[in-house]
Structure formats: structure tokens, C-alpha cells
Amino acid sequence: MAAQSLLSESVIGWSIFTVVLLVILAFCWIYIRKFQSRQDSEVVSTITAICALAIALITSALLPVDIFLVSYMKYPNGTYKQWAANNETRGQIEATVLYGYYTLYSIILFCVFLWIPFVYFYYEEKDDNNVNKCSQVKNALKYTVGFVLVCVALLLIGAFVPLEAPPGQNSTQWEKVQYLFEELGSSHGLPALSFSISSLTLIGMLAVITYTAYGMSVMPLNLIKGTRSVAYERLENTEDIDEVEHQIENLKSKCKDGRPLSSKDRRNLQELEGKLQVLQRRGRHLDIAESHCCSKVGIALRPVKIILGVFFILVALLFTISLFISNLDKALHSAGISYGFIIFGTNLTNPLNELLLALQPVFPLDYILITVITVYFVLTSMAGIRNMGIWFFWIRLYKIRPKRTRPQALLFLCMILLLIVLHTSYMIYSLAPQYVMYGSQKYLAQASSTDPVLGNTTVSTTKICDADAPEDECTVTRTYLFLHKFWFFSTIYYFGNWAFIGAFLIGLVVSCCRGKKSVIEGEVEADDSDLSDDEYVH
């Protein structure tokens, strides 16, 4: 009977994960096809981008499953279900989730250090028409070896890095931390993989600070502000064309008597002719946009977009406030910098954490909310990358545009999303620490009371799982244990959260100051060729 219950409960959790998996694969195919260039599209790069993006989203979907499984082991009254009453059974379920993380993280390592670099350099070499297929593969492998060496170095460091506790004064707090380390390290020890993933998560933290923070502000504000009027843009573009043509005529009139133009005038004439070509292409795109049915549908849906924009900006502010309170709680009540600012439970009221706990009695609202939070982070990251493009410090490498994105840019996009997803779990833990640690678990607390008739009696009360709960009464999620494998990474993540809050506020100010976007934003650029218009079909 217990075995049948265990099977049915596990099937529910993993069935939800399977449905999400199918939705993710469909979304990835549509998303990549929407942005990929029709002229430069390649089968291998397309498959690689779709698979990498799917892996990123699947990894993010594992967090709600982890929380669901540990929560589903118990009844709302705090007692274990029959199939979960055995410690060995609970350990098997926890191990399954942990191995799921290790499997997906291993695939991410493979993608980041081998698969994506090889495909990227293969198509970089393809740009040179004089290189044959064999030379392409050879040169791509040569550059990929550097990434593999970095991966090997991280694995070796992780295999030998010490996990002993640094010297500290709060021994009671550290005993709990040490217990968690030993549980993950000794029972399921793969410290090398953990260290490598944590190192990549640091890079993901930088991407979250850069792209996700900006995306959280720019996506809702773009929905609220909308786009400029097509008719007004066409009028403005026509006036610009007339002005440029007039300037070109003035320059050409200087050489009507046979005198050659000066070098300065020739440069100006060349620049004006290039500007005129861009304006003419812009005019063609505006004509198409005005006659297209999507523009009319967009106008009809304008109130819906405003409502969504207001909702998303409120969600972003809620996240920022929750993250600030969580970081402040760690600063005031954690064991300190030398312990990775690890904290058990919550000491300050965190609105998002309280909301998740309040939704627990109404199944499955809390799981839906944690899934929506995960998806929200991924979508805002995509919005940030699309609006900013891909940069290396002050150098813009690639632009992300519908139907115009090169294969290399799509590979970069997917690699950045892979790194962002690695850091997303820690971000969600920072937003709702108690819920991510224990889910919706409750336990029975024994309290003694004195009755005039019965004398001393023991009363059982149901409480939400927290740091004060007995170890065998509440199961910690594998996500929490994995996040705190190395205390020094937790310290860096903590300061990264402060940087994220600052980046979001700066991005919010910048987004508010910017005007409305063009209705053909990103479709026409100065470095586009006339042939590129042929692939853009509305």
C-alpha cells in the first residue's frame, strides 16, 4: 500500500514536470525561429540553440518540483504520509532530485565548455570562404580546447577544495551549517561538479545584474508606454528624406562646372548617401507596418498591455523589496561574512515569503506562484538581452533582432541564459528563504501544559517548518543544500544581491527617462544591407 502511494505521489510531481518539459520545447522552437536570421540560419546552430535554451528552462523548472516533492511528503496537520514515514524512502526521493540537479548541471557544463564553443567557432571559421570543412572542424576544436582546460581546472580545484568550517565564534550556528555540508558532501559527494557549477554561477550572477535587472524595468515600462504612432513616424521620416536629398543636391551642385569635390565634401556626400539609404529602408518598413494587421490588433490590445505593464512593474517592485528585506535580515541575523551569510528561517517579515506561506492551504496556488516567479526571471532576462544586445565590457558584439539574429548571437544568447538560470535558484531563495528551504511542510510541536483536573499534559500544535524544527520532522530541499555547498560562494552571492538591487533602480530610472520605442524598433540599422530586407516578411 505504501509503495503504491509512493508511486502515485511521485507520478504526480514528475507528470507535472513532463508537461512543463513539452511546453518548454515548444516555446524554445518558436523563440529561436522568431529571432534567427533567414539568410544565415544553419541546422546545427539552430538545434544547438534550441537544445541549450531548453536545458536552461528545464533546469529552472526543477526548483518547483523539488519544493513540491518535499512538501508533498506531509499532510497539512504536520504528520508524514504513510509512504514517506520511512527515512529511507524520503532519502530515495531526495536523492532522485539531487541526481536530477547533477545530471542537468553536468549537461550545462558540457554545453558551456564544449558544445556551444565548438559550434560557435565552427561558424566563425565558416565566414572565411577559403576554409574547407576539415579546417573548420580543426580550428574550432583548437579554440574549444581552451574551454575544456578551464573546465578541467575547475573540476580539479573543486575536488580538493577544503570544506571545513572557517574559524568563528558562533559555534551553535555553524554546527547546523556543518551538518548540511556533511549531508550533501558525504552522502552524495560530487564536490568537483558543485565547485564548477558554483564558478559558472558567479558569471551568471554578473549576467543577472546586467540583463535581468534591466529587463525587469524595461519590459513593463515598454508595455505601459507603447510605441510611437506609425503615421507620425512616416511623416517624420519623409521630412528627413527630403532634408537629406536637399543636402546631397547642394553638395553635387558644387561640381557642376567640372571641378572635383574636396575630400571633406566627398566624405560628407558618402555619409549622406548612406543615411538616405537607411531612411528609404526605414520608409519601406513603416509602410509595411502600417498596412499589417498586427499593428491594428496591437492598438486594440493597448489597454491589456497597460494593465500587464502595471502588473509587471508591481511584481518587480515586490521582488526588489523582498530581496532588500532578505539581505537586510542576513546582514543583521546571519553568522557573518566568514560563514557565507547563511541564515535559517526569517527574522524580518518578507512579503513574498509570507505570500507563499499564506497560499499553502489552497493547493496548488503556492506551486503555481513559485513557477510563475521562475518563468518571470527567465522572461525578464530575455527582455534585457534583447533590448541591450550582447556586450563585452564597452564593445557591442551582437544585436538580438527578430528574423535578423546571426547564429553566433543566438548561441551567445543561449549560453548567457544557461548561466542566468544557474543563479536564478539563489535569487529565488533570497526572495523567499523559508519557503525555498522547507516548502509548505509543517510539523507537530510538543508543548506541556498544566490542567487543574488532568495535571501536567502534553499538547501537540501544528507549526510551519523553520530552523527550530527537529531535524527528522522537516526535510530540507536539495536546492538549499546545493546552494550552500561552499560558504565563500554564498558570500559573493550576498553582495551580488545588493548590486542587483542597485542595477534595477538605475535601469528603472533610465527606462523612465527614455521615450517611446519606434514601431519598427530593431528592424532597420545603418549596418544592414539592402538584401537583408528581403528576408524580413511581416
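The name given to the chain in an unreviewed UniProt entry is Lysosomal cobalamin transport escort protein LMBD1, and the organism recorded there is Poecilia reticulata. For the chain, the Sequence similarities (unreviewed entry) comment in UniProt is given as "Belongs to the LIMR family. LMBRD1 subfamily." Here is the UniProt Subcellular location (unreviewed entry) comment for the chain, exactly as written: "Lysosome membrane".

On to the packing of aromatic side chains. Summed over all chains, the structure comprises 21 aromatic pairs. Taken together, a centroid distance of 5.7 Å and an interplanar angle of 55° make the contact between Phe 311 and Phe 312 tilted. When its relative accessible area of 48% is taken as the criterion, Phe 311 is described as partly exposed. Considering the side-chain rings of Phe 312 and Tyr 376, the 5.9 Å spacing of their centres and the 35° angle between planes classify their relative orientation as tilted. Taken together, the residues span a long stretch of sequence, with Phe 312 in helix 10 (residues 302-333) and Tyr 376 in helix 12 (residues 365-388) at a distance of 64 residues. Comparing Phe 312 with Tyr 376, the two get one shared label, buried. Three or more aromatic residues link up through ring pairs in this structure, and these residues are Tyr 120, Phe 121, Tyr 143, Phe 147, Tyr 398 and Phe 412. Over the ring of Tyr 80 we find Arg 90; its NZ or CZ atom is 4.0 Å from the centre of that ring.

To continue, consider the nonpolar core. Counting 126 residues, the largest nonpolar core has Leu 53, Phe 319, Ile 373, Ile 385 and Leu 418 as the members making the most contacts within it. Setting aside residues up to four positions removed in sequence, Phe 319 forms contacts with Met 216, Leu 352, Ile 373, Tyr 376, Phe 377 and Leu 431. Within the second largest apolar cluster, 9 residues are counted, among which are Leu 251, Leu 261, Leu 272 and Leu 276.

Moving on to the packing of helix 11 (residues 351-359) against helix 12. Between two packed helices, what matters for the description is the angle formed by their axes and the separation of those axes. As a packed pair, helix 11 and helix 12 sit with axes 7 Å apart at the nearest point and diverge in direction by 145°. Between helix 11 and helix 12, the residues in contact are Leu 352, Leu 355, Leu 356 and Leu 359 and Leu 365, Asp 366, Leu 369, Ile 370 and Ile 373, respectively. Residue composition of the contact of helix 11 with helix 12, by class: 8 nonpolar, no polar and 1 charged.

Next up on the list: helix 2 (residues 43-71). Over its 29 residues, helix 2 runs 42 Å from end to end, which matches the ideal 42 Å to within 8%, given 1.5 Å per residue. Among the 29 residues in helix 2, 25 count as buried, and that is most of the element.

Take the environment of Thr 201 next. If you trace the backbone, Thr 201 turns up in helix 6 (residues 191-225). Remark: the alpha-carbon pair of Thr 201 and Tyr 426, spanning 225 residues in sequence, is separated by 9.3 Å. Once residues within four sequence positions are removed from consideration, Thr 201 is found in contact with Leu 422, His 423 and Tyr 493. Among the polar contacts made by the side chain of Thr 201, one reaches the main-chain carbonyl oxygen of Ile 197 at a distance of 2.7 Å.

Rules used in this analysis
- Residues numbered from 1 in each chain as written.
- Predicted model: local features only at pLDDT ≥ 70, side-chain atom pairs only at ≥ 80, totals over all residues.
- Heavy atoms only, no water.
- UniProt positions renumbered as here; feature names shortened; annotations may be inferred.
- Phe/Tyr/Trp six-rings, centres within 6.5 Å; stacked < 30°, edge-to-face > 60°.
- Buried < 20%, exposed > 50% of the residue type's maximum accessible area, 1.4 Å probe, protein only.
- Helix = DSSP H or I, 4+ residues; strand = E, 2+ residues; numbered from the N terminus.
- Lys NZ or Arg CZ within 6 Å of the ring centre and 35° of its normal.
- Core = buried A, V, L, I, M, F, W, Y, C linked by side-chain atoms within 4.5 Å.
- Contact = heavy atoms within 4.5 Å.
- Axes fitted to C-alpha atoms, helices over the stretch in contact; angles between N-to-C directions.
- Nonpolar A, V, L, I, M, F, W, Y, C, P; charged D, E, K, R; others polar.
- Expected span 1.5 Å × (residues − 1).
- Polar contact = N/O pair within 3.5 Å; in protein donor to acceptor, adjacent residues only side chain to side chain.

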